[in-house]
Amino acid sequence: MNPKLAIHGGTAVRSIPLPPLLRGALVIGGEEKEEVDRVIDSKALFRYYGNDVQHCVERLEHQIAQEANVPYALGVTSGTAALIVALKALGIGYGDKVIVPANTFTATAGAVICANAVPVYADIDESMNLDPHDLERVYDNEVKAIIAVPINGTPCDMDGIMAFAREKGIYVIEDVAQSLGTTYKGRFAGSIGHIGTFSFQMQKTITAGEGGAIITHDAGLFERAVRYHDQGSFREKMRYGFETGEQQAFAGQNYRMSELTGAVLLAQWKKLDPIISVMRHRQQAARRAIEARLPQVRFRKSPDPAGDTGSVLGLFLPDAETAVRFAQAVEAEGVTCFRMYGGRPIYMTPFLLHQRTAEKNNFPFDFPFRHPVAYKPGMCPVAEDLLSRYVHIPISPTLTERDAEDIAEAVVKVYEGLGVDQWTKA
Ligand SMILES: *Cc1c(COP(=O)(O)O)cnc(C)c1O
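Just so it is clear, the structure is predicted and the values come from calculations on it, not from any experiment.

Draft legend 1. Highlighting the layout of surface pockets. For the largest pocket, the calculated volume is near 380 Å³. Residue composition of the lining of the largest pocket, by class: seven nonpolar, seven polar and three charged. In terms of domain composition, the lining of the largest pocket takes at least three residues from each of domain 1 (6-17 + 273-344 + 380-417) and domain 2 (30-271).

Quick look at the structure:
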C-alpha cells in the first residue's frame, strides 16, 4: 500500500520546512560585512571619486570579466537597468521590435517597452527556454534583436539562436538574471551573444539586495553602455585605453552601481562557485533518486546538462489539473513546489497583453509598424501547454544530502499517491 499523502491527513515527509527560496542571500556573512565595513570606513560610497575609494565596483567588474572571459563588464543598479542599458547600447528604440521568449519574468518584456521598443513573443520547448525553431515565425524586418533568457539555471540553445541571428543580421542579448554561472558548451552564459545581462536582486544566485551588470566583447557597445548608464559620461576612458570624446556622448540615465553594492558583491562573487556546486549536487542526487524509482517521470530538458546550475528541479505532469494537485500535495509533504509564473506565458500578464504603458497615446506601441503587433491568448501554444503542467522545486545552497533525499521521497510519494501514471496516456 502507498503511504497516506499529507494532503489526505497522512504524515508529511518533512516536519521542518526547507530553507527559504533564496540562494546567495542565505550565505551572507562575515565576508560581506568586512567588505562593507571597509567602504563605510573610507566614507567613499561613490565609485568614481572620494578621498579613499575602495574601487569595489571596479574590482567586481574585473572579476566578472575574468570569469566570463570577456574584455568588458559594467556594474549597474539592477537586472532591469542592465537590459535597458544593453538595448540602448545596441541602438534599439522607437520603431523596433525585440523577440522575447514566452517564458520569462515580466522585466524582460518591460525593459524592451521602457527602452521604447516593443516585444514579440516566441515559443519555448521542453527546456522551458526559447525554441530557436520558432524564431522564423515571429521574425520580420522590423525585429532588431532577440533576448535569450536561460530560465532558472538551464542554458538556452545558443547555437540555434546565434545561427538565426547571424542569418538575419540581428543582435542577441542574453538575459542571464536568473542563471549566473550557467554555461553552454563551456562558455559562460552572457558571453555568447552581443551583450549579456545579470541581476543581483535578492532572489538571484548571488545578491546585494539589488544590482546588475552587463558584459560584452565589443568595445563600441561597451562605450555606449557606459555612457547610457552615466548620463553621457565615460569617466574611465584611460582604464580601457579608449580614445573618445564629446562627439560620442549622448543623453543617458543614472544606473551607476554604489560602492556598498560592489562591496557586498565582491564577497558574494567568491561564493558563486561553491553555491553552484552544492546546488548541482543536490539537484542531481534528488533527480537520480526519483529516476531510480520512477523512470517514467518527465524532467525539464537541457541543451547542455553539464552547464545547468541546478537551481531548480523541474518536471512535467500530464495536464494542468494534475500539476496543481501535485504542487499542493508536495507542499503538504513539507517540500516547496511551485508552478512558474502562475502556469502561464508572460504575455498573459494583463498589462503586457493589453499593451499598457506609462506614456501618452500608448507610446511605443503607437508606432506605425508595417507588420502590426497584436497579442492574443494562444499565440505561443507550446508555452501555454508546458507552463500549465510544469512544476519545480527550488534548490538552495544550504540543502543537505538528507534534504535532497526528502525532496525525492516527497516527489515519489505524491506521484504514486495521486496515481499520476493513470492519467498518462502510454
Ligand atoms: C529578476 C529578473 C530580471 C530583473 O532583474 P532586477 O534586478 O530585479 O531588475 C530580468 N530578467 C529576468 C529573467 C529576471 O528573472
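Draft legend 2. Region of the structure containing the sheet that holds strand β11 (residues 312-316). Here we have three strands laid out as an open sheet, ordered β10-β11-β12, and antiparallel in their pairing. Bordering the open sheet on either side are β10 (298-299) and β12 (390-394), each of which pairs with just one other strand. Pairing of β10 with β11, which is carried by two bridges, proceeds in the antiparallel orientation. From the neighbouring strand, phenylalanine 299 faces β11, where its bridge partner is leucine 315.

Draft legend 3. Structural context of the nonpolar core. By size, the foremost hydrophobic cluster in this structure holds 78 residues, and its most contacted members are Val98, Tyr121, Ile146, Met158 and Ile161. Take this core: its biggest share by element is eight residues, from helix α3 (residues 79-89). Domain assignment of the residues forming this core places at least three in each of domain 1 (6-17 + 273-344 + 380-417) and domain 2 (30-271). Setting aside its immediate chain neighbours within four residues, valine 98 contacts Leu87, Ile92, Val112, Ala117, Val118, Pro119, Val120, Ala145 and Ile147. Membership of the second largest hydrophobic core comes to 58 residues, among which are Leu180, Ile275, Ala408 and Val412.

Draft legend 4. How the structure looks around the domain arrangement of the protein chain. By domain assignment, the protein chain separates into domain 1 (6-17 + 273-344 + 380-417) and domain 2 (30-271). Inter-centroid distance (C-alpha atoms) of domain 1 to domain 2 is 29 Å. Facing the 30 residues of domain 1 at the interface are 35 residues of domain 2. It is Arg300, Pro303 and Tyr341 that lose the most area in domain 1 upon contact with domain 2, and together they represent 24% of the buried surface on that side. There are two salt bridges connecting domain 1 and domain 2. Our count for the domain 1 to domain 2 interface comes out at 15 residue pairs in polar contact (both at pLDDT 80 or more). Looking at the side of domain 1 that touches domain 2, the elements with two or more residues in it are α10 (272-293), β11, α13 (381-388) and β12.

Criteria and cut-off values
Residues numbered from 1 in each chain as written. Predicted model: local features only at pLDDT ≥ 70, side-chain atom pairs only at ≥ 80, totals over all residues. Heavy atoms only, no water. 1 Å grid on protein atoms, 1.4 Å probe; cavity = no way out; pocket = protein on both sides within 12 Å on 5 of 7 lines; lining within 4 Å. Points joined across faces, edges and corners; volume = space filled by probe spheres on them. Nonpolar A, V, L, I, M, F, W, Y, C, P; charged D, E, K, R; others polar. Domains from an automatic or database assignment. Pairing = 2+ DSSP bridges. Helix = DSSP H or I, 4+ residues; strand = E, 2+ residues; numbered from the N terminus. Core = buried A, V, L, I, M, F, W, Y, C linked by side-chain atoms within 4.5 Å. Buried < 20%, exposed > 50% of the residue type's maximum accessible area, 1.4 Å probe, protein only. Contact = heavy atoms within 4.5 Å. Buried area = accessible area lost by both parts, 1.4 Å probe. Salt bridge = Lys/Arg side-chain N within 4 Å of Asp/Glu carboxyl O. Polar contact = N/O pair within 3.5 Å; in protein donor to acceptor, adjacent residues only side chain to side chain.

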